[in-house]
Structure formats: C-alpha cells, structure tokens
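If you want the building blocks of each chain, they are given just below.
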Amino acid sequence: MPGAADSHGLTFRQDYFGEPAAWAGLVALLHDTFGIDVGIQDRFGGPDPTSMPFGYFDEAGTCVANFSAFSMPLMIDGRLVKAAGFQSGAVRPEWRGRGLYRDLMHRAFGWCDVQGFDFGLLLTDKPAVYEPYGFRILSQHRFSGPPPAGAKPVGSLRALSLEKSADLALVMRLLRERTPVSSIFAVAAQTEMFLLNGHFDPDIQLAYLDQFDSIVAWKSDETSFQLLDIAGRTIPPLSAVLAALDQNPHRVDVCFPPDRLQWQGVPEPFVSYTSLMIRGDAADRLTGPVMLSPMAEF
Ligand SMILES: CC(C)(COP(=O)(O)OP(=O)(O)OC[C@H]1O[C@@H](n2cnc3c(N)ncnc32)[C@H](O)[C@@H]1OP(=O)(O)O)[C@@H](O)C(=O)NCCC(=O)NCCS
C-alpha cells in the first residue's frame, strides 16, 4: 500500500517485532521521545505478542515514526469486550508535520476494525489528535473513604520483587489467571503493562496473599493507602487486604471501581496530565465514575 512517506524515502513496516533490529529501532524512538526504556520488556519475555506495530523506517534502519495497537480485553458493565489499546505513538522531530502520524493512525484504526475490535482506548496529553477518529475523553475518578471496619489477618503475606525470577513467574501466572478486579471497568487479560508499570514506579509495592492466591499492587503515604490493582482468581474484600498488609490508614483511595471489594468510596475526580480516551459502542455503557487501574496504564 503506498504510504504518506513514500516520497521521503521511508519504508513502511507492520508487525515487525520478530526482527530484533526493528524492535530495537522502536525502543530507541520511544527512549528518545519519552525517555523510557521499553527494552526492559526483554527481561519479562519480550513485547506483548498481541501488539501490532505500524512504523516508518529510514534507509539506515532508524525508526522515525510508530503507532501500535494491542489487545486489551476489558470487562465493561458485566460484559467482556474485545478492546484494543493504542500506544507507542511517536514521530521523530525532524519528520513531524508531514502526515506520517495521520497515515499510521489510519492504518492502525483500520486494522482494528478489520480484526473486529469493538472498543478502543488510549491515554494522551493531546486529545485533539484523536477526536477526529471518534475518540472521546472519559473522565476518571478514584474512590476515597475511610477504611472498612477491621478484619483479622488470615493466611500469610509475602512481599514480591519483579527482580526475583520466582516472584516474576508467580506474578505472570496470576496475571494470566486473573478475574477482572471490577465488573464495571477493568482489564480482563493483559500482563505486559502491569509488569512495566511495576518496574518503572519504585513506589509501587506488590504483595502475595496466599489465602486468596492473589497479588495486591499498592502504595501508601502519610495521608492514604492507595490500592492500585488486585490480580488473581479471587478478589479479597478491602478489609482483608488491609488486615493482611497490616495497614491502618485514615483514608483509602481505590484506583478502580470498588464494586468487588465489599466497600464503597466516594468518587473523586482523578487529575492527571494525560486523558483516557475511548471509542466504540461499549463506551455508552460507561455512565458512572470509573478509573483505569494505574497498573494497566500504557
Ligand atoms: C504527536 C505527534 C505523534 C504528531 O506526529 P506528526 O507526524 O507531526 O503528525 P501529523 O503531521 O501526521 O498530523 C496528524 C494530525 O494530528 C494533528 N496534530 C499533530 N500534532 C498535534 C498536536 N500537538 N496537537 C493537536 N493536534 C496535532 C495534525 O494537525 C494532524 O491533523 P489533520 O490530520 O487534521 O491534519 C508528534 O508530534 C510526536 O511524536 N510528539 C511527541 C510524542 C507524542 O506526543 N506522542 C503522542 C502521544 S499520545
């Protein structure tokens, strides 16, 4: 298919992660654009196998532009939705303003339509770029309130480190087996973003609750306990999580709809420099306050 960049001597490539040099080209583009090293995923088994990258490369093999789609099945209002996430959107500065990104967005959104994805989501600080393609901002809320009445700790707890191979294997197993943490809005299956977020943010703590065969991702400071995600076959009540972690906060902030936690918080607007944008019919079912778990951010 002729691309917008043909006249610039660039080569369009799709689905190129099988080639190490091309993958390294994307790692360099994202490092130079966002200052992050997604090459770390090689330690976690490589990039998401569902990822479908669309990119332009120059004659030296430098990746000058990219936009990727990946599968991120979601639970939305009690129903499993075949959703695609879009990420790794970047164009090198000297190539901007020539329509390369427009071309890659057309290709990626068109590919998802053909594949039968019926929901799309992305996070961006430039919402205007995506509005022409049917995306709209979904305002996010986290759920805050006093902790539930105390529960006695049951079972044992183990702090996990993604640096330890046995812990990493446990986390990956539970991410594969997980039940959605919320039936209103939650990731149903996706491992790579949880691992990347857990790696990049040193404040995130991971603990294994053996009684529930579940992993809890959390943070805490003087003012609150922040529950980021729970991954496992069962979702423990919030009281059991706090008891197991021996936490007695004044306030709890839950960063996903808490409908499965046997606890209710007050939705409070979540302020962030990026907006969550969505498109697709299932978006109409998202009428109440929701938040995408920070462990699923991409
Ligand atoms: C944003 C970015 C990818 C755009 O790449 P580009 O190749 O210059 O974009 P294009 O020339 O193909 O423009 C595509 C469309 O987006 C619009 N657009 C581009 N940059 C924009 C911006 N900062 N704000 C709003 N709209 C923008 C263009 O006007 C164009 O609209 P049109 O199709 O109606 O004419 C590029 O500037 C970049 O890499 N920025 C840094 C990383 C980044 O922000 N990535 C996106 C994160 S979600």
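This one's a predicted model, so the numbers in the text were calculated from it and none came from an experiment. (Residues numbered from 1 in each chain as written. Predicted model: local features only at pLDDT ≥ 70, side-chain atom pairs only at ≥ 80, totals over all residues. Heavy atoms only, no water.)

Summing up its helical and strand segments, the protein chain has six helices and 17 strands in all. In terms of overall dimensions, the protein chain is globule-like: its C-alpha atoms have a radius of gyration of 20 Å, near the 19 Å expected for 298 residues. Principal axes of the C-alpha set define a box for the protein chain whose edges measure 70 × 40 × 35 Å. Sorting the 298 residues of the protein chain into buried and exposed places 55% on the buried side. For the protein chain, contacts bridging at least 24 residues in sequence account for 72% of all contacts bridging at least 6. When the accessible area of the protein chain is evaluated, it comes to approximately 13,500 Å², of which 51% is carbon and sulfur surface. Counting 24 positive and 34 negative side-chain charges, the protein chain places the averaged centre of each group 3 Å from the other. (Helix = DSSP H or I, 4+ residues; strand = E, 2+ residues; numbered from the N terminus. Rg over C-alpha atoms; globule rule 2.2 N^0.38 Å. Buried < 20%, exposed > 50% of the residue type's maximum accessible area, 1.4 Å probe, protein only. Contact = heavy atoms within 4.5 Å. Areas by Shrake-Rupley, 256 points an atom, 1.4 Å probe, with all protein chains shown as cover. Lys, Arg positive; Asp, Glu negative; His and termini not counted. Charge placed at Lys NZ, Arg CZ, Asp CG, Glu CD.)

Attention now moves to the site of the ligand. Every one of the 16 residues lining the ligand counts as a neighbour, but G89, V91, G97, R102 and K126 are closest to it. Between the ligand and the protein, one listed contact pairs an oxygen atom with a backbone N or O atom of Y101 at 3.0 Å. In the environment of the ligand, an oxygen atom lies 2.6 Å from a nitrogen or oxygen atom belonging to the side chain of R102. Summarising the interface, the protein chains cover 67% of the accessible area of the ligand, which totals 910 Å² for the free molecule. Contributions of two or more residues to the shell around the ligand are made by α1 (20–34), β6 (83–91), α2 (100–115) and α3 (127–130). (Near = heavy atom within 4 Å. Polar contact = N/O pair within 3.5 Å; in protein donor to acceptor, adjacent residues only side chain to side chain.)

Quick look at the packing of aromatic side chains now. Centre distance and the angle of the planes are the two values used to describe a pair of aromatic rings. Applying the stated criterion across every chain yields a total of 18 aromatic pairs. Ring geometry for W111 versus F117: centroids 6.1 Å apart, planes at 40 degrees, classification tilted. F117 matches W111 in its accessibility class, with the two residues each being buried. These aromatic residues form a ring-pair network of at least three members: F67, F86, Y101, F109, Y130, Y133 and F135. One cation-aromatic arrangement involves R13 over F57; the distance from NZ or CZ to the ring centre is 5.7 Å. One residue, R107, lies across the ring of F12, its end atom 3.6 Å from the ring centre. (Phe/Tyr/Trp six-rings, centres within 6.5 Å; stacked < 30°, edge-to-face > 60°. Lys NZ or Arg CZ within 6 Å of the ring centre and 35° of its normal.)

A few words now on helix α5 (residues 192–200). With seven of nine residues buried, α5 is to be regarded as a mostly interior element. At its buried positions, α5 is contacted by β6, α4 (165–177), β12 (205–209), β13 (214–220) and β14 (225–232).

One can find S293 in the segment after β17 (275–279). Here the side chain of S293 touches L228 through a polar contact of 2.7 Å, landing on its backbone oxygen. Excluding its chain neighbours within four sequence positions, the residues that come into contact with S293 are L228, D229 and C255.

In this structure, F86, F119 and L121 are the most contacted members of the largest nonpolar core, which totals 50 residues. Shared between two domains, this core holds at least three residues of each, these being domain 1 (6–117) and domain 2 (142–270 + 280–296). Counting residues in each nonpolar core, the second largest holds 23 residues, with V216, I230, A240 and V254 among its members. (Core = buried A, V, L, I, M, F, W, Y, C linked by side-chain atoms within 4.5 Å. Domains from an automatic or database assignment.)

Before going further, it helps to spend a moment on the pairing of β13. Counting buried residues along β13, five of its seven residues qualify, which places the element largely inside the surrounding structure. For β12 and β13, the ladder comprises five bridges, and the chain directions are antiparallel. In the strand pairing of β13, L209 is matched with S214. Two successive antiparallel strands, β12 and β13, enclose a turn made up of four residues, where D213 displays a positive phi of approximately 45 degrees. Here β13 runs beside β14; their pairing, made up of seven bridges, is antiparallel. For I215, the partnering residue across the bridge sits in β14 and is A231. Linking β13 to β14, which pair antiparallel, is a turn of four residues. (Pairing = 2+ DSSP bridges.)

One can read the domain layout of the protein chain as domain 1 (6–117) and domain 2 (142–270 + 280–296). At the boundary of domain 1 with domain 2, total buried surface from both sides reaches about 1,900 Å², with 67% on carbon and sulfur atoms. R285 is the salt-bridge partner of D77, the closest N and O atoms lying 3.9 Å from each other. At the level of elements, β3 (63–71), β4 (74–76) and β5 (79–81) are the ones that each hand at least two residues to the side of domain 1 that touches domain 2. Among the residues forming the side of domain 1 that touches domain 2, the class breakdown is 13 nonpolar, five polar and five charged. (Buried area = accessible area lost by both parts, 1.4 Å probe. Salt bridge = Lys/Arg side-chain N within 4 Å of Asp/Glu carboxyl O. Nonpolar A, V, L, I, M, F, W, Y, C, P; charged D, E, K, R; others polar.)

Mapped onto the secondary structure, A282 falls in the segment after β17. When the C-alpha atoms of A282 and A207 are compared, they prove to be 33 Å apart, with 75 residues separating the residues in sequence. Not counting residues up to four positions away in its chain, the partners in contact with A282 are I76, V81 and F119.

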